[in-house]
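# Observations on the model geometry
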Amino acid sequence: MSVSDLFSMLKELEQSSPVSPLQKILLLTDGSVTNLLEVVAGERIEVHTLAQQVVRADPAEAADLGIGAGDLINFRVVDLVGAESRRTYVHAVSHTPLDHLEPEFRDDLMAADIPIGRILQRYHMETRREIRDIRPIRADRDLSGTFDVPAESVLFSRRYAIIHDQKPLIFIEEIFSPALWEGVSISGQAGAPLPVPAEDLSIRVEAPSRLHLGLIDMHGGLGRVDGGIGITLMNPCTGIEVKRGEDLTVTGGTPEVHRRVLDAARKVLDTAGIRGGAAITVKRSMPQHTGLGSGTQIALATGAAISKLYTLDLSVRRIAAIVGRGGTSGIGTAAFGHGGFILDGGHSFGLHGEKHGFAPSAASSTVTPATICARLPFPEAWKIVLAIPNRGTNVEGADEVDIFRDYCPVPLADVRQICHEIMTRMLPGIAEEDLALFADAVNAIQTLGFKKVETGLQDPVVPALIRELKQAGAACAGLSSFGPTVYAITDGDLAGITRAAAETFGEQGGEVIVTRGRNYGAVY
């Protein structure tokens, strides 16, 4: 595209909204937007990955990338956010053909929250940006929440391809809010943080998802029950924003998410004896009823936000008890509070115990969260692939309660073998960063105890995914909680594993997310 074409686009853009010199630089730069933002905003810029999955290119995406329709591409949605102000400066959507990337570059792109420009610099790749268009767009409900502007506000969009070896490497759309930069000068302001008006102050919480690798003891013969092992994930995440209000209101998200948020907020406000309300916006939510802990995280995020908004100083365990989470597994609560690889010790069991029967967390709201017995950092080099099939079985409500009643207690021999695997292979594998040792334990527990029950109740696509992901090179694979999410862990190439997942889904399809362990909890 010629310079005159770009100038013509800018003139058309100015008809919809004033365009400052700074905004023109951001829209036309051939360099790193992240570096520019850090200089102008005066703070470190973080990449918050909202979505990342392997999908098949539709005809329009294929044309942008010079590939065939149906070819596998990495679909990535991120926000560039100020580390201190928590402002969202840029919302970006990218499409990348998997076959155009070297393995190391592909792994960084798919498994890390690293700006694309810095990944290019890391691998010394000679590239250029070919701008395809610059245009005004109107903020829909999601974008109005992202940039904290009214719906239908004018936003600026630029779409461009990153060209390497004469072919498109990545196609990106970046969206900016002109309102964010009003009154910001280029000269004399470099390094000065953007002011935050008092009326815009709010509480934002980002809560992680988690893998639940399995319940340890669903026999109860030694006077304890439950116990769990899990891994905190970098993505997907739950994000909410809360401001004070006269009434309790929720916007964004699905009706079910609304119900969960309102329920958690009311419980915290009522427990604290607060008559005030809150305006809660769901910025992003993870897939529901897929085995990633969405219910616990949205409840804890809401409770934590209300606690901070009204300076209640509630601990995470106290919030969990108030909102009724953690009554079977303590993994979700610990993931929210601390992150990492987690092992909890379950609950006392029997006539005089905390629990008198076998029941899921949703039916154990009066039981306190389990005590955490071990927490270890999850190795940075290990990557995690999530395969979420559309035709998997979603277990919730009364069905979940019935399963605990009908299939417990599990054989004592299975419980003993699970404990053996955890103590002699899983924990040492994590501590010593020995993936083969850790993976042997994960693979073994898929056929033991309550995990065997969970897997056996799933659609046949689930065991097929577990089998195919291991055959494609994953060190281990298993079912998270009741599923239907299947996870695979590797320290090698991701392409074969993600391709195997997409192919195993079949015509019903599904979602593939590449992520990694998260060694810290919720951010707020």
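Residues numbered from 1 in each chain as written. Predicted model: local features only at pLDDT ≥ 70, side-chain atom pairs only at ≥ 80, totals over all residues. Heavy atoms only, no water.

## Considerations on helix α3 (residues 33–41)
Using the following cut-off: The buried label applies to any residue whose accessible area, calculated with a 1.4 Å probe on protein chains only, is under 20% of its type's maximum; exposed applies above 50%, and partly exposed to all values in between. Think of it this way: any DSSP run of H or I at least four residues long counts as a helix, any run of E at least two long counts as a strand, and we number them from the N terminus. The arc in question is the one spanned by the directions pointing from the helix axis to the C-beta atoms.
Turning to α3, its buried residues are V33, T34, L37, V40 and A41. For α3, the angular spread of the buried residues around the axis is 135°, confining them to a single face. Trailing α3 by a residue or two, G42 shows a phi angle of about 75°, which is positive.

## Digging into empty space enclosed by the protein
Note the following rule: Points on a 1 Å grid, built from protein atoms alone, make a cavity when a 1.4 Å probe fits but cannot get out and make a pocket when they are open with protein on both sides within 12 Å along at least 5 of 7 lines; residues with an atom within 4 Å of a point are the lining residues. Grid points are joined across faces, edges and corners, and a volume is the space filled by probe spheres set on the points. Side-chain classes follow a simple rule in which Ala, Val, Leu, Ile, Met, Phe, Trp, Tyr, Cys and Pro form the nonpolar group, Asp, Glu, Lys and Arg form the charged group, and the remainder, Gly included, forms the polar group.
Overall, the coordinates contain three cavities of 30 Å³ or more when judged by the stated rule. Approximately 220 Å³ is the volume attributed to the largest cavity. Along the walls of the largest cavity sit 21 residues, with L80, P115, I116, G117 and E174 positioned nearest its centre. Put simply, the parts of the chain that give the lining of the largest cavity at least two residues each are α3, β2 (72–82), β3 (88–97), α6 (116–122), β5 (154–164) and β6 (167–176). For the lining of the largest cavity, a count of residues per class yields twelve nonpolar, five polar and four charged.

## Points about the packing of helix α9 (residues 294–309) against helix α10 (residues 316–323)
Selection rule: As a rule, the C-alpha atoms of each element are fitted with a line to give its axis, helices using only the stretch in contact, and angles between N-to-C directions run from 0 to 180 degrees. Two helices cross in a left-handed way if the nearer one is turned anticlockwise from the farther one by less than a right angle. They cross in a right-handed way if the turn is clockwise. Contacts are residue-level and defined by heavy atoms, with any inter-residue pair within 4.5 Å sufficient.
Closest axis-to-axis distance for the α9/α10 pair is 9 Å, and the angle between their directions is 115°. The hand of the α9/α10 crossing is right-handed. Packed against α9, whose contacting residues are A299, L300, G303, A304 and S307, the element α10 presents V316, I319, A320 and V323 at the interface. Residue composition of the contact of α9 with α10, by class: seven nonpolar, two polar and no charged.

## Observations regarding the confidence of the model for the protein
Segments scoring low in pLDDT should not have their predicted coordinates read at a detailed level. What counts is decided by this rule: Residue-level confidence of the predictor is summarised by pLDDT, bounded by 0 at the bottom and 100 at the top.
Across the protein, the average pLDDT comes to 87, with 94% of residues at 70 or higher. Ignoring residues within four places in sequence, the model shows residues 184–200, a span with pLDDT below 50, making 26 contacts including any to other chains.

## Here's the deal with the sheet that holds strand β15 (residues 476–479)
Working definition: the strands of a sheet are paired by backbone hydrogen bonds and lie parallel or antiparallel to each other. Condition: Two strands form a pair only when DSSP identifies at least two bridges running between them.
One open sheet holds the four strands; their spatial order is β15-β16-β14-β17, and the pairing between them is antiparallel. At either end of the open sheet lies a strand with only one pairing partner, and these are β15 and β17 (510–516). Pairs of neighbouring strands in the sheet enclose a mean axial angle of 20°, with direction left out of account. Direction of pairing for β15 relative to strand β16 (residues 486–490): antiparallel, over a ladder of four bridges. Residue A477 lies in a different strand from β16, and its bridge partner there is A488. Those strands touched by helix α14 (residues 435–445) are β15 and β16, and its axis lies near 35° from that of β15.

## Focus on the packing of helix α16 (residues 461–471) against helix α17 (residues 495–505)
Where we set the bar: To sort the angles, those under 35 degrees are grouped as roughly parallel, those over 145 as roughly antiparallel, those from 65 to 115 as roughly perpendicular, and the leftovers as oblique.
Where α16 contacts α17, the axes come no closer than 9 Å and their chain directions differ by 155°. The angle between α16 and α17 places the two elements in the roughly antiparallel class. Between α16 and α17 lies a crossing whose hand is right-handed. Across the interface between the two elements, V461, A464, L465, E468 and L469 of α16 pack against I497, A500, A501, T504 and F505 of α17. Of the residues assigned to the contact of α16 with α17, the class counts are eight nonpolar, one polar and one charged.

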